[in-house]
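Close look at the chain arrangement
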Amino acid sequence: MAERIGVYVCHCGSNIAGTIDVEEVARWAGANLEDVVVAKDYKFMCSSSGQQMIEEDIKTHNLTRVVVAACSPQLHERTFRRACQNGGLNPYLFQMANIREHISWVTTDKAAATEKAKAIVAAAVRRVRHHKPLEPLPVQVNPRTLVVGGGIAGIQAALELADAGYPVILLEREPSIGGHMAQFDKTFPTLDCSACILTPKMSEAGQHPNIKLLTYSELEEVSGSIGHFKVKIRKRARFVREDRCTGCGICVEKCPTKVRDDAFEAGLGFRKGIYIPFAQAVPRIPVIDKEHCIYFTRGKCQICGKFCPTDAIDYDQKDEILEFEVGNIILATGWKMFDCTRIPQYGYGRLPNVFTALEFERMCNAAGPTGGKIVLRDGKTEPRRVAIIHCVGSRDINYNEYCSGICCMAALKFGHLVLEKTKAEVYSFYIDMRTNQKGYEEFYQRLLEEGMKFVRGKVAEVTNADRTEEEKGRLVVQVEDTLTGRQRRIPVDMVILMGALEPQEDAFELARKVGISCSTAGWFTERHPKLDPVATMTDGVFIAGCCQGPKDIPASVAQGAAAAARVAGLISRGTVWIEPIVASIDEEKCSGCRICNNLCPFNAIEFDPVKQVSRVIVALCKGCGTCIAACPAKAITGAHFADEQMMAELEGALWDASEEALAAIVGSKSQQELPVIGA
């Protein structure tokens, strides 16, 4: 029985019609393409009137298939599928032809663009004949959510869900939640105390009845799919029993071991062999540093165990593997600081009074190693002149090409703190000043009024090689001032390096575990950078905060709340419907070679060791086709992307090819004539 196909060509204002003769394409399709009974052009097909046109034509002309030639399917495929469904047609009997991104936006040759548009429309028409009705797949959603990362974004996401009445597991690899924000002294541009605004949220998360807090723990394994993920979590041994510890701190006080704190204090301070990371830590339960504890290294001591009033010290404690089922996962794993020793000309690690931004944060903090005093490495000398160098490891093709977003504002904050706490001069060496959020430009103007000095230019070198009397015993910043057009040597006592924000070292590994992708830099990739910035290509996995890319605290909080809202929406529905465009494996043809298992980018294929065959986890599959192309036995097929559909589309695209070339293509359709991978 012949199909009845409707073809609709969109002008998209002048985006398409400015380059393609859309009226000619519509006329040609109606006159030349088999089974096309309706062919129209319209200014905006995605508009309500455009959709209504499709709905009415399906009913009036009894259409069995629909083709829309417009923009990217990623933008409006769902729109037109919904219009088909509203007209009484199965939404998967629709095909979209992209004539904007693939044609009108890549050429100015109107004649050539029109001819190519005809080919693309012909391809879609030929393909849509072979479409089959599909139905979305229902999945029940477990209301419990796993939030990975206990920084401000993760805390916000967990609290939003917990306050809505849903159970949450908040997972943090460090002994306490709080993340980098717990290290800061002040927050820009309002200069409010970081601890003052963070600690209440930490405390609330630690005591919330709907939040199960797992600190000093890491995600080991993820399986399953949206609605019913199975996760394994390694809870590392603290050597302190949480059910007995009261957080009194006697064990820390009595411990004779002193260790440089390279984590929370950024190497400027010291902690004990058994320690609580900071005063406001949540939970307030100490951890024994096994690498530096006298008992674990020499078999002696045990002073902390002897003085503990509740007998909470357990030297025999082992790591535990905990297993949970969750419906959704939110990743909020944050960032790490760029290693400034990678730029040796700036002298970090070689010249004593060169500091990183995190070191300076801890120095400024009243609870930090210097009690909030800004001093040189000797711990007592106050600097007379301070240099702040922007973009260290950022906006640099040798390290990270992206802007780290927060460095300009953090540098302004540091300048204010130096001017407030000392009598020093402050020089800011910047490439471009980026103050593009609420209150940021006003803060910049405030620092200009306070006397902070700005030098526009990328610093070439920080050296201690003096040339003049003024430079003796001081650091010298060598820079080209691009505003005055001259080289300058500015002697200073302290240099602060605004290091880049980088993804966590295990970002790629974590992405692989949960079945999502990363950018080349290592930031987690969102589903759409503008329209869906917290979702990922794996249903049920969301991202929030700096793990997606550099951003400030307000943006991280907003993303945490947004991710929670998306998850809450899924949970409240109870059942979610997922795309039926998935791969399937014919077990009779499957040889059990497991090539597809290792290639699937979404971890959607599992191996049955009993039957020795592979199976597709439907809820995880995205229909990308990687497994289909790689299967040497041709045992895998893809719904909506069958061989007959793809070959028909190729035939349509070659509508104006020579008869010999077209015959060669059509003649190679049979699987017997296609080359076999590995043959």
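Worth saying up front: this structure is predicted, and the values here are computed from it rather than measured.

It is worth spelling out the sheet that holds strand β3 (residues 65–70) at this point. What the 4 strands build is an open sheet, ordered β2-β1-β3-β4; its pairing is parallel. Looking at strand neighbours, the two that pair on one side only are β2 (36–42) and β4 (94–98), the edges of this open sheet. Direction aside, neighbouring strands of the sheet carry axes that sit 15° apart on average. In terms of strand pairing, strand β1 (residues 5–10) meets β3 through 5 bridges, oriented parallel. Within the sheet, the bridge partner assigned to V9 lies in β3 and is A69. Contacts from helix α2 (residues 48–60) reach β1, β2 and β3 within the one sheet, and its direction differs from that of β2 by about 165°. Contacting β1, β2, β3 and β4, helix α5 (residues 110–128) runs over the sheet at an angle of about 165° to β4.

Looking now at helix α14 (residues 507–514). Within the sequence span of α14, burial applies to A507, L510, A511, K513 and V514. Along the long axis of α14, the arc covered by the buried residues comes to 160°, so they all point the same way. For α14, the elements touching its buried residues are β11 (217–225), β18 (328–331), β28 (501–503) and β29 (541–543). Two residues or fewer after α14 comes G515, characterised by a positive phi angle close to 80°.

Moving on, we come to the sheet that holds strand β26 (residues 486–492). Taking strand neighbours across the sheet as the criterion, the 3 strands line up as β24-β25-β26 in an open arrangement whose pairing is antiparallel. The strands lining the two open edges of the sheet, one partner per strand, are β24 (459–463) and β26. Averaged over all neighbouring strand pairs, the angle between strand axes comes to 20°, with direction disregarded. Where strand β25 (residues 475–481) lies against β26, 7 bridges are found, and the strand directions are antiparallel. In the sheet register, V476 faces β26, and the bridge partner there is P491.

Next up on the list: the packing of helix α12 (residues 407–421) against helix α13 (residues 440–450). For the pair α12 and α13, interaxial distance at closest approach is 10 Å and the crossing angle is 35°. Crossing of α12 against α13: the hand is left-handed. Note on element contacts: α13 touches α12 through Y440, F443, Y444, R446, L447 and E450, opposite M409, L412, K413, G415, H416 and L419. Looking at the contact of α12 with α13 residue by residue, the classes come out as 7 nonpolar, 2 polar and 3 charged.

Right, let's get into the pattern of salt bridges. For the structure shown, the criterion picks out 48 salt bridges. A salt bridge links K118 to E24; the nearest nitrogen and oxygen atoms lie 3.1 Å apart. Of this pair, K118 sits in helix α5 while E24 sits in helix α1 (residues 22–32), placing them 94 residues apart in sequence. For K118, a relative accessible area of 6% puts it in the buried group.

In this section: the domain arrangement of the chain. The domain boundaries assigned to the chain delineate domain 1 (5–134), domain 2 (336–502) and domain 3 (581–639). Its C-alpha centre places domain 1 at a distance of 57 Å from the equivalent point of domain 2.

This part covers the packing of aromatic side chains. Taken as a whole, this structure holds 13 aromatic pairs when the rule is applied. Here the aromatic rings of F239 and F296 are separated by 4.6 Å at their centres, their planes lie at 50°, and the arrangement is tilted. You can see F239 sitting in the loop between β12 (228–235) and α8 (250–254) and its partner F296 sitting in helix α9 (residues 294–298), a full 57 residues away along the chain. For F296, a relative accessible area of 24% puts it in the partly exposed group. Seen from their ring centres, F360 and F414 are 4.9 Å apart, and the 65° between their planes marks the pair as edge-to-face. One end of the pair, F360, is in helix α11 (residues 357–364); the other, F414, is in helix α12, and 54 residues separate them in sequence. An aromatic cluster of at least three residues, connected via ring pairs, comprises F239, Y295, F296 and Y315. Of note, R271 hangs over the ring of Y275, and the distance from its end group to the ring centre comes to 4.1 Å.

Conventions and cut-offs
Residues numbered from 1 in each chain as written. Predicted model: local features only at pLDDT ≥ 70, side-chain atom pairs only at ≥ 80, totals over all residues. Heavy atoms only, no water. Pairing = 2+ DSSP bridges. Helix = DSSP H or I, 4+ residues; strand = E, 2+ residues; numbered from the N terminus. Axes fitted to C-alpha atoms, helices over the stretch in contact; angles between N-to-C directions. Contact = heavy atoms within 4.5 Å. Buried < 20%, exposed > 50% of the residue type's maximum accessible area, 1.4 Å probe, protein only. Arc of directions from axis to C-beta. Left-handed = near helix turned anticlockwise from the far one by under 90°. Nonpolar A, V, L, I, M, F, W, Y, C, P; charged D, E, K, R; others polar. Salt bridge = Lys/Arg side-chain N within 4 Å of Asp/Glu carboxyl O. Domains from an automatic or database assignment. Phe/Tyr/Trp six-rings, centres within 6.5 Å; stacked < 30°, edge-to-face > 60°. Lys NZ or Arg CZ within 6 Å of the ring centre and 35° of its normal.

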